[in-house]
Amino acid sequence: MASLLQSSSVVIKSVAYSSSRCRRGMARAAINMPKLRTGGLSLKLPARELVQEMLDMGVDLTSSTTSHVEKKYESGTNRNSSSDPMVIAKLHAIMEAVSDRVEMHQNIGEQRDNWNSLLLTSINTITLTAATMAGIAATSVGGPLVALKLSSTLMYLAATGMLVVMNKIQPSQLVEEQRNAARLFKQLHGQIQTTLSSGDPTSSEVEEAMEKVLALDKAYPLPLIGVMLEKFPETVEPAVWWPKHKQRQEGRTDGNGWSEELEEEMREIVGVLKRKDTEDYLRLGKKALKVNKILAISGPLLTGIAACGTAFMGSSHGSLAAMVGVVAGAMASVVNTMEHGGQVGMVFEMYRSNAGFFRLMEETIESNLNERDVERRENGELFEMKVALQLGRSLSGLKNLAAASSNSSSIREEAMEEFASKLF
């Protein structure tokens, strides 16, 4: 038995040695096993076949590992090569331009906010000083009367001219426009970053980003002369800062997270937005515009009347003229403070922007619903979650709102219907 174990160890060593020699390709070894007989037991080990099998296993393992690495490399190469470098470069250029616009709108917004506070303080100081001088002039005679009367009249005229310019440009409304523009450009910057991180941007996404930038530039212009937004429009319309959606044919097909129930839910949400939210903010915008018009006309009118009153002081109706000059000046200061201190123009722009936000939601939902190919739509479940978040509702709350809207058949029930948005 001991001789059998000794012979086996010799065989194993010989196999290992011959396998290493065979891998290196230096020589071929042939091993002749001695025949051992112990108690009729015969042991034969096919050394050459064993070595060849081990080598074949090693070759198969190496080839399979190499092919796996090559496939992984090829898949990574194909994934990276599918993205056009020019498309990525264009998106980065657009993103840099958007970042620059964000900073510009923020800086100009701060500048125009300073305009509002400085002009308000200056005009009120001039107006109150002129009213004080008119009161003092009413008790004076001779040379001091003429000097005080002339000074008060000139100051009222200066205040009238400054008020006309200030009411024309509405600095508080300009500030709100720049705030909205900076916020929307930041939002666009984040969307472009998301597109780049997805790993496969397309040329259509580049065109869409360019259209959004140009639409924002048109909606919130930076210059004041020539392209400034009308501060007292004839009709109040929602602010529009997005490019027009392409008109698509209607159709409905299940898939991509969409179903007939979800489409019906989205249609009900659009109806609520039109009937309640958009309509309500347009109504509030009309009221704010009406108040702003009245205040914008009253301020310069009162300072003009005060200037006329101070000009007639010292005549036969000197006491009445002095009273008109003082009272009209004080009222003008109050009206100016209410208009620009209360930032009525900013309130109007805020209502207009909110109405535009709901109008954008309506068009986005309708654009998805009118798309015939559901694979080209945004995923239905994801889209429903976005709508719920934008309205400040949970998914169950959104479904309950749509169900309540579909059940409200009469006009009175629609009037009692709740608003779609719970954010503002």
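Chemist: With reference to specific residues and values, describe the side chain of Gln170.
Modeler: Secondary-structure assignment places Gln170 in the loop between helix 4 (143–169) and helix 5 (171–197). In terms of polar contacts, Gln170 uses its side chain to reach the side chain of Glu339, at 3.0 Å.

Chemist: Go over a nonpolar patch on the surface with me, naming the residues and quoting the values.
Modeler: Together, Leu320, Met323, Val327 and Met331 make up an exposed nonpolar region whose accessible area comes to about 380 Å². On the basis of relative accessible area, Leu320 is assigned to the partly exposed category, the value being 47%.

Chemist: Which residues make up the nonpolar core, and what values go with them?
Modeler: The biggest cluster of nonpolar side chains holds 27 residues, and the ones touching the most others in it are Met266, Ile269, Leu273, Ile365, Val387, Leu391 and Leu398. Contributions of two or more residues to this core are made by helix 7 (260–311), helix 9 (344–369), helix 10 (380–390) and helix 11 (395–407). Apart from residues no more than four positions distant in its own chain, Leu391 is found in contact with Ile269, Leu273, Phe358, Met361, Leu398, Ala420, Ser421, Lys422 and Leu423. One finds Ala181, Phe185, Val206 and Trp241 within the second-largest nonpolar core, a separate group that totals 21 residues.

Chemist: Talk me through the environment of Leu174; I want residue IDs and the actual numbers.
Modeler: Structurally, the position occupied by Leu174 is in helix 5. For Leu174, a relative accessible area of 1% translates into the label buried. Counting along the chain gives 55 residues from Leu174 to Leu229, while the straight-line C-alpha distance between them is 9.0 Å. Among residues more than four places away in sequence, those in contact with Leu174 are Arg112, Ile169, Leu224, Met228 and Lys231.

Chemist: Can you tell me about helix 7, naming the residues and giving the values?
Modeler: For helix 7, built from 52 residues, the straight-helix expectation of 76 Å at 1.5 Å per residue is met to within 8% by its first-to-last C-alpha distance of 75 Å. Of all the bends in helix 7, the largest measures some 40° and sits at Leu273.

Chemist: Residue-level account of helix 11, with values.
Modeler: For an α-helix the count is 3.6 residues per turn, leaving residues at separations of three or four pointing the same way. Its 13 residues place the ends of helix 11 19 Å apart at the C-alpha level, agreeing with the 18 Å of an ideal helix rising 1.5 Å per residue. Of the residues making up helix 11, those classed as buried are Gly397, Leu398, Leu401, Ala402 and Ser405. Down the axis of helix 11, the sector holding all buried residues measures 140°, keeping them to one side. The exposed set on the far side of helix 11, more than 90 degrees from its buried face, consists of Asn400 and Asn407. Those residues of helix 11 hidden inside the fold are in contact with helix 7 and helix 10.

Chemist: So what's going on with unusual backbone geometry? Residues and values would help.
Modeler: Here the phi dihedral of Gln170 falls at roughly 50°; this positive angle occurs in a residue that is not glycine. Backbone geometry at Gln343 places phi at a positive 50°, although glycine is not the residue there. With respect to the secondary-structure elements, Gln343 resides in the loop between helix 8 (318–341) and helix 9.

Chemist: Please give an account of the packing of helix 9 against helix 10 that cites residues and values.
Modeler: One can describe the packing of helix 9 onto helix 10 by two numbers: an axis separation of 12 Å at closest approach and a directional angle of 165°. Put simply, helix 9 runs roughly antiparallel to helix 10. At the point where helix 9 passes helix 10, the crossing takes the left-handed sense. Judged by residue contacts, Phe357, Met361, Thr364, Ile365 and Asn368 of helix 9 engage Phe383, Val387 and Gln390 from helix 10.

About the thresholds
Residues numbered from 1 in each chain as written. Predicted model: local features only at pLDDT ≥ 70, side-chain atom pairs only at ≥ 80, totals over all residues. Heavy atoms only, no water. Helix = DSSP H or I, 4+ residues; strand = E, 2+ residues; numbered from the N terminus. Polar contact = N/O pair within 3.5 Å; in protein donor to acceptor, adjacent residues only side chain to side chain. Patch = residues over 30% accessible without salt bridge, like charges linked within 9 Å, V, L, I, M, F, W, Y side chains within 5 Å. Areas by Shrake-Rupley, 256 points an atom, 1.4 Å probe, with all protein chains shown as cover. Salt bridge = Lys/Arg side-chain N within 4 Å of Asp/Glu carboxyl O. Buried < 20%, exposed > 50% of the residue type's maximum accessible area, 1.4 Å probe, protein only. Core = buried A, V, L, I, M, F, W, Y, C linked by side-chain atoms within 4.5 Å. Contact = heavy atoms within 4.5 Å. Expected span 1.5 Å × (residues − 1). Bend = angle between axes of the 7 residues up to and from the residue. Arc of directions from axis to C-beta. Axes fitted to C-alpha atoms, helices over the stretch in contact; angles between N-to-C directions. Parallel < 35°, antiparallel > 145°, perpendicular 65-115°, else oblique. Left-handed = near helix turned anticlockwise from the far one by under 90°.

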